[in-house]
Amino acid sequence: MLIYRGTPAQSLSPVALTIGNFDGVHIGHRAMLARLTQAARERGLSPCVMTFEPHPREFFTPEQAPARLSNLREKLELFERFGVERVFILRFNKRFAQVSAENFISRILCEGLQARWVLVGDDFRFGAKRAGDFTMLQQAGKQYGFEVEAMDSVTVSGQRASSTVVREALTNGDLALAERYLGRHYSISGKVVHGESLGRKIGFPTANIQMKHNKPPLAGIFAVEVHGIGDKPLQGAASLGVRPTINDKGKATLEVFLFDFNGDLYNKHLHVEFLLKLRDEMKFPNLEMLTAQIAADVENAKKFFGERNG
């Protein structure tokens, strides 16, 4: 898969294109990618995605922007898994926000990408002040010679699949509901970095996963499976949150204790899947009580895996 920062002066070849933020790459997004690759194959085009970094809401209202479900690397990995051949990452800044809908079509879609088939969501808006919509795209398609198609919403039990409903499920600790909308376990990926080594001192050495964003959509103690170490996923218990017993800095941290594992994980890129929420974060009066609770959490996680595998 080829990855472009911005759009080239001219595309290598005509493309089939879909456009969006794709936060979380949930089942609605996956349906779009499946339709994209099908249409591209039928027309002899390259299936491509245009996405934005940062998320437009992070640019316009950073304090009110929702927690991200996936970082850029995670999105790119999922795009490749679902058959995308090229990704165009457009930097969303003041200059880009001022591009008119007409120029977005003529300069970016037509001149830059040679779009021949364009798929958008049923609520897609684009251009300065969100002036562009599906009707404008259709009219421009007749003028410039590209097809336009709108993707209907995908629903689960009557509820539209969206990043918002996934985020709400995760915030509420309902990992099973989030899984239904994602089509997979919710996960966070990152590099193992050095921490304070407190876990090692109290008998529970943890892998500290580097977080790209300081506002994860879930918090608490979880039973997890970790990919990236050997051929099979390893089981463990994870803490995701601000560690109120340890410090008061408020910075989110993901720490994973792997069962029956000894080895150096520093600088490895791990993929942590969240299977069950065991409890919320708690502040303990001392390390002894925290250590006792961690031991109980590990036993509860092992019990979950034992029942799941049994």
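Our subject is the structure that appears above.
Residues numbered from 1 in each chain as written. Predicted model: local features only at pLDDT ≥ 70, side-chain atom pairs only at ≥ 80, totals over all residues. Heavy atoms only, no water.

J.: Go over empty space enclosed by the protein, please, and point to the residues and values.
T.: All chains considered together, the criterion is met by five cavities of 30 Å³ or more. In this structure, the second largest cavity spans a volume of roughly 140 Å³. (1 Å grid on protein atoms, 1.4 Å probe; cavity = no way out; pocket = protein on both sides within 12 Å on 5 of 7 lines; lining within 4 Å. Points joined across faces, edges and corners; volume = space filled by probe spheres on them.)

J.: Any details on the layout of surface pockets? Residues and values, ideally.
T.: In this structure, the largest pocket spans a volume of roughly 1,200 Å³. Forming the walls of the largest pocket are 40 residues, and the residues nearest its centre are G20, N21, D123, F124 and R130. Those elements giving two or more residues to the lining of the largest pocket turn out to be helix 1 (27-43), helix 2 (56-60), helix 4 (94-97) and helix 7 (163-171). For the lining of the largest pocket, the per-class residue count stands at 18 nonpolar, twelve polar and ten charged. (Helix = DSSP H or I, 4+ residues; strand = E, 2+ residues; numbered from the N terminus. Nonpolar A, V, L, I, M, F, W, Y, C, P; charged D, E, K, R; others polar.)

J.: Summarise the sheet that holds strand 12 (residues 234-241); cite the residues concerned and give the values.
T.: The pairing of strands in a sheet comes from backbone hydrogen bonds and takes either a parallel or an antiparallel form. Taken in spatial order, the six strands of this closed barrel run 9-10-13-12-11-14, and their pairing is antiparallel. Averaged over all pairs of adjacent strands, the angle between their axes in this sheet comes to 45°, without regard to strand direction. Of the pairings in the sheet, the one linking strand 10 (residues 207-209) to strand 13 (residues 253-258) comprises three bridges and is antiparallel in character. In the sheet register, I209 faces strand 13, and the bridge partner there is L254. Those strands touched by helix 10 (residues 287-309) are strand 11 (220-227), strand 12, strand 13 and strand 14 (269-279), and its axis lies near 95° from that of strand 14. (Pairing = 2+ DSSP bridges. Axes fitted to C-alpha atoms, helices over the stretch in contact; angles between N-to-C directions. Contact = heavy atoms within 4.5 Å.)

J.: Describe in detail the pairing of strand 13, supporting the description with residues and values.
T.: Buried residues dominate strand 13, accounting for six of its six residues. The alternating pattern of strand 13 places T253, E255 and F257 on one face and L254, V256 and L258 on the opposite face, and all of these are buried. Looking at chain direction, strand 12 and strand 13 are connected through six bridges and run antiparallel. Bridge pairing in strand 13 links L240 to L254. (Buried < 20%, exposed > 50% of the residue type's maximum accessible area, 1.4 Å probe, protein only.)

J.: Got a sec to walk through unusual backbone geometry? Specific residues and values, please.
T.: In this chain, E53 is followed by P54 through a cis amide linkage whose omega measures 0°. Within the secondary structure, P54 sits in the loop between strand 3 (46-53) and helix 2. The backbone of K129 shows a phi angle near 60°, a positive value even though the residue is not glycine. Structurally, the position occupied by K129 is in the loop between strand 5 (115-121) and helix 6 (134-144). With a relative accessible area of 85%, K129 lands in the exposed category. Within the chain, R130 stands out as a residue other than glycine whose phi angle is a positive 55°. With respect to the helices and strands, R130 occurs in the loop between strand 5 and helix 6.

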